[in-house]
Amino acid sequence: MELQKKALFNAQGDTDVRKRRMIGGNTTNLNDFNNMKYTWVSSWYRQAMNNFWIPEEVNLTQDIKDYRLLNDEERTAYDKILSFLVFLDSLQTANLPNIGEYITANEINLCLTIQAFQEAVHSQSYSYMLDSICSPAKRDEILYQWKFDEHLLKRNEFIGEQYNAFLQHRDREHLVKTMMANYILEGIYFYSGFMFFYNLGRMGKMCGSVQEIRYINRDENTHLWLFRNILLELKKEEPELFGSEQVEIYRSMLKRGVDEEIAWAEYVLGDRIDGLTMEMISDYIHYLGNLRATALNFEPLYEGFTDIPESMKWVNDYSNANLIKTDFFEAKSTAYAKSSAIEDDL
């Protein structure tokens, strides 16, 4: 069914929150922070606002020296994974407004706006990392590697194709696929990419870059939570979009995301990076696939891999930017505002 783009000024919009819908509603576009249908948005919004940071907060002086001391395999992986991540964040910044045009719950659009801003900050952060450690010519070479490296280009195609398909087919089915692609990007691709940087950190290398990634990871955790909740709300409101056949399509998308991430890891990391093996990486990515599937109440994708592999538990320690537990999939969290003057229990 073709989606109708929401009106910008809609004096006849519904003010009764009980009539509000994720898509296909009749919104006034008024941002009313006191009347929300999706009550979890209040916690999400406060968490996202408390996460505010700027890339230059992190000192990268030591990274300049460390980058030159990386071995060839580590430096190549650093460059290629950074190129991959900055492209994905750029794609996110550009695509989120396309989704927002059809979301008719104003509180959700508030969240999407914050996410788009944060994705832009992430892109800036990657540029700051490159500006700090290498020459402008090298920076540009890394930023545009996806245009010349066929493996890197292939990594971008799956998500990019889903986003482009929605631009060509503005219907509910393609919207959900776009949201699933977003979920895969946030919950598998990013987490796998971050893992490489955390491994450098536990080897005592590129610690400034690692801290940048931790801040980015903290934001991406909220983005993942956002799209997971949007999909679950859509499942309640539009159950025909989540029949058994559709769910198998979404599970197949998750599986493809896992397969492509493992193939990419084989290409860019393999067994060539100190502290990592392909078995460790593959087990971790299979675990991420199962985690993302079950968080949407789908059947697991793979037998086993229900818990984070013992060999990869250190990833969780690094991914917690302020060493304070956050568990959005259990809908519980303790806020980690940087300012001691702001302390919230979400």
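All of these numbers come straight from a predicted model, not from anything done at the bench.

### Here we look at the packing of aromatic side chains
- This model, assessed by the stated rule, comprises 18 aromatic pairs.
- Consider the rings of tyrosine 102 and phenylalanine 166, whose centres lie 5.6 Å apart with planes at 75 degrees: the pair is edge-to-face. Note that tyrosine 102 is positioned in the loop between helix 3 (72-100) and helix 4 (106-133) and phenylalanine 166 in helix 6 (residues 150-168), a separation of 64 residues in sequence.
- For tyrosine 102, a relative accessible area of 5% translates into the label buried.
- Exposure remark for phenylalanine 166: the relative accessible area of 0% places this residue in the buried category.
- For the pair tyrosine 198 and tyrosine 318, a centre-to-centre distance of 5.7 Å together with 25 degrees between the ring planes defines the contact as stacked. Of this pair, tyrosine 198 sits in helix 7 (residues 172-202) while tyrosine 318 sits in helix 11 (residues 314-319), placing them 120 residues apart in sequence.

### Let's talk about the side chain of glutamate 74
- By the secondary structure assignment, glutamate 74 is in helix 3.
- There is a polar contact of 2.7 Å between the side chain of glutamate 74 and the side chain of lysine 205.

### Comments concerning the confidence of the model for the chain
- The predicted model of the chain averages 91 in pLDDT, with 92% of residues at 70 or higher.
- Scored below 50 in pLDDT, residues 323-346 makes 52 contacts in the model with residues more than four places away or belonging to other chains.

### A few points about the environment of methionine 253
- With respect to the helices and strands, methionine 253 occurs in helix 9 (residues 244-268).
- Along the backbone, methionine 253 and methionine 195 are 58 residues apart, and their C-alpha atoms lie at a distance of 22 Å.
- Dropping the residues within four chain positions of it, methionine 253 is found in contact with Phe158, Gln162, Lys177, Met180, Ala181 and Ile184.

### Some points on the nonpolar core
- If you look at the biggest cluster of nonpolar residues, it comprises 110 residues, and the most contacted ones within it are Tyr78, Ile108 and Leu269.
- When near neighbours in sequence (up to four residues on either side) are disregarded, leucine 269 contacts Ala77, Ile81, Phe196, Leu276 and Ile281.

Cut-off values and rules
- Residues numbered from 1 in each chain as written.
- Predicted model: local features only at pLDDT ≥ 70, side-chain atom pairs only at ≥ 80, totals over all residues.
- Heavy atoms only, no water.
- Phe/Tyr/Trp six-rings, centres within 6.5 Å; stacked < 30°, edge-to-face > 60°.
- Helix = DSSP H or I, 4+ residues; strand = E, 2+ residues; numbered from the N terminus.
- Buried < 20%, exposed > 50% of the residue type's maximum accessible area, 1.4 Å probe, protein only.
- Polar contact = N/O pair within 3.5 Å; in protein donor to acceptor, adjacent residues only side chain to side chain.
- pLDDT = per-residue confidence, 0-100.
- Contact = heavy atoms within 4.5 Å.
- Core = buried A, V, L, I, M, F, W, Y, C linked by side-chain atoms within 4.5 Å.

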